[in-house]
Amino acid sequence: ITQQGGEMVINMEWGAFGDRLQMLPKTDVDEVLDRDSRNPGKQSFEKMISGFYLGEIARLIMVELIQSKELFTSPEVVVPEDLYTPYSFKSMHLSDIEYDLSIDQRI
């Protein structure tokens with residue numbers, strides 16, 4: 001803490017919160033993400049909330065909705081094959097979509 005501001009940033013490192021116990025409810029997407037990760041069963045909380053994994057969570061949900069015919073159902077919509085590749089949809093794409101102010105909503 002400095003004399004001037006008196007503020008401090010603390011990194012809590014909560015990524016492994018709940019690894020040994022079921023602390024938080026997990027969805028099917030959480031289970032798939034964990035199973036297919038490079039460290040299954042570890043850093044559960046981080047996989048549920050961190051920016052690194054948010055794009056993959058969104059991709060898994062989109063794939064699930066496409067396969068259940070609830071998303072992109074119009075025949076003229078072509079779903080890129082890359083969407084079926086793990087980690088191909090980055091978290092930054094979520095920000096791009098959120099802040100898209102174009103009239104036709106196309107980035």
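K.L.:
Would you mind showing me how to read a negative patch on the surface here?
P.N.:
There is a patch of like negative charges on the surface, built from Asp28, Glu31, Glu64 and Glu70. Looking at the secondary structure, you find Glu64 in helix α3 (residues 51–67).

K.L.:
Would you mind going over a nonpolar patch on the surface with me for this structure?
P.N.:
A cluster of nonpolar side chains, Met8, Ile10, Met12, Trp14, Phe17, Met23 and Leu24, forms an exposed patch at the surface whose accessible area comes to about 710 Å². With respect to the helices, strands and loops of the structure, Phe17 is situated in the segment before α1 (28–35).

K.L.:
Please clarify how the packing of aromatic side chains should be interpreted in this entry.
P.N.:
Both the distance between ring centres and the angle between the ring planes are used here to describe each pair of aromatic rings. With the rule as written, the count across this model stands at two aromatic pairs. Centroid distance Phe52 to Tyr53: 4.8 Å. Interplanar angle 85°. Geometry classified as edge-to-face. You can call Phe52 exposed: its relative accessible area is 51%. Consider the rings of Phe52 and Tyr87, whose centres lie 6.0 Å apart with planes at 35°: the pair is tilted. In this pair, Phe52 is assigned in helix α3 and Tyr87 in the loop between α3 and α4 (91–98), connecting sequence segments 35 residues apart. Here Tyr87 falls in the partly exposed class, since its relative accessible area comes to 26%.

K.L.:
I keep staring at the pattern of salt bridges and nothing clicks. Help me out?
P.N.:
Side-chain pairs of opposite charge can arise where the charged atoms are in close proximity. Tallied over the full model, the rule gives three salt bridges. For the salt bridge of Asp34 with Lys47, the shortest nitrogen-to-oxygen distance reads 2.6 Å. Separated by 13 residues along the polypeptide, Asp34 in helix α1 and Lys47 in helix α2 (residues 44–49) bring together distant segments of the chain. For Asp36, the salt bridge goes to Arg35, with nearest N and O atoms at 3.0 Å.

K.L.:
How should the packing of α1 against α3 be read in this particular structure?
P.N.:
In helix packing, the relevant descriptors are the interaxial angle and the interaxial distance, both defined with respect to the helix axes. Relative orientation of the contacting elements α1 and α3 amounts to 120°, with a least axis distance of 10 Å. When the axis of α1 is compared with that of α3, the two are oblique. The element α1 and its partner α3 pack so that their crossing is right-handed. In this structure, α1 contributes Val29, Val32 and Leu33 to the contact, and α3 contributes Tyr53, Glu56, Ile57, Leu60, Ile61 and Glu64. Partitioned by chemical class, the residues of the contact of α1 with α3 number seven nonpolar, no polar and two charged.

Calculation rules
- Residues numbered from 1 in each chain as written.
- Predicted model: local features only at pLDDT ≥ 70, side-chain atom pairs only at ≥ 80, totals over all residues.
- Heavy atoms only, no water.
- Patch = residues over 30% accessible without salt bridge, like charges linked within 9 Å, V, L, I, M, F, W, Y side chains within 5 Å.
- Areas by Shrake-Rupley, 256 points an atom, 1.4 Å probe, with all protein chains shown as cover.
- Salt bridge = Lys/Arg side-chain N within 4 Å of Asp/Glu carboxyl O.
- Lys, Arg positive; Asp, Glu negative; His and termini not counted.
- Charge placed at Lys NZ, Arg CZ, Asp CG, Glu CD.
- Helix = DSSP H or I, 4+ residues; strand = E, 2+ residues; numbered from the N terminus.
- Phe/Tyr/Trp six-rings, centres within 6.5 Å; stacked < 30°, edge-to-face > 60°.
- Buried < 20%, exposed > 50% of the residue type's maximum accessible area, 1.4 Å probe, protein only.
- Axes fitted to C-alpha atoms, helices over the stretch in contact; angles between N-to-C directions.
- Parallel < 35°, antiparallel > 145°, perpendicular 65-115°, else oblique.
- Left-handed = near helix turned anticlockwise from the far one by under 90°.
- Contact = heavy atoms within 4.5 Å.
- Nonpolar A, V, L, I, M, F, W, Y, C, P; charged D, E, K, R; others polar.

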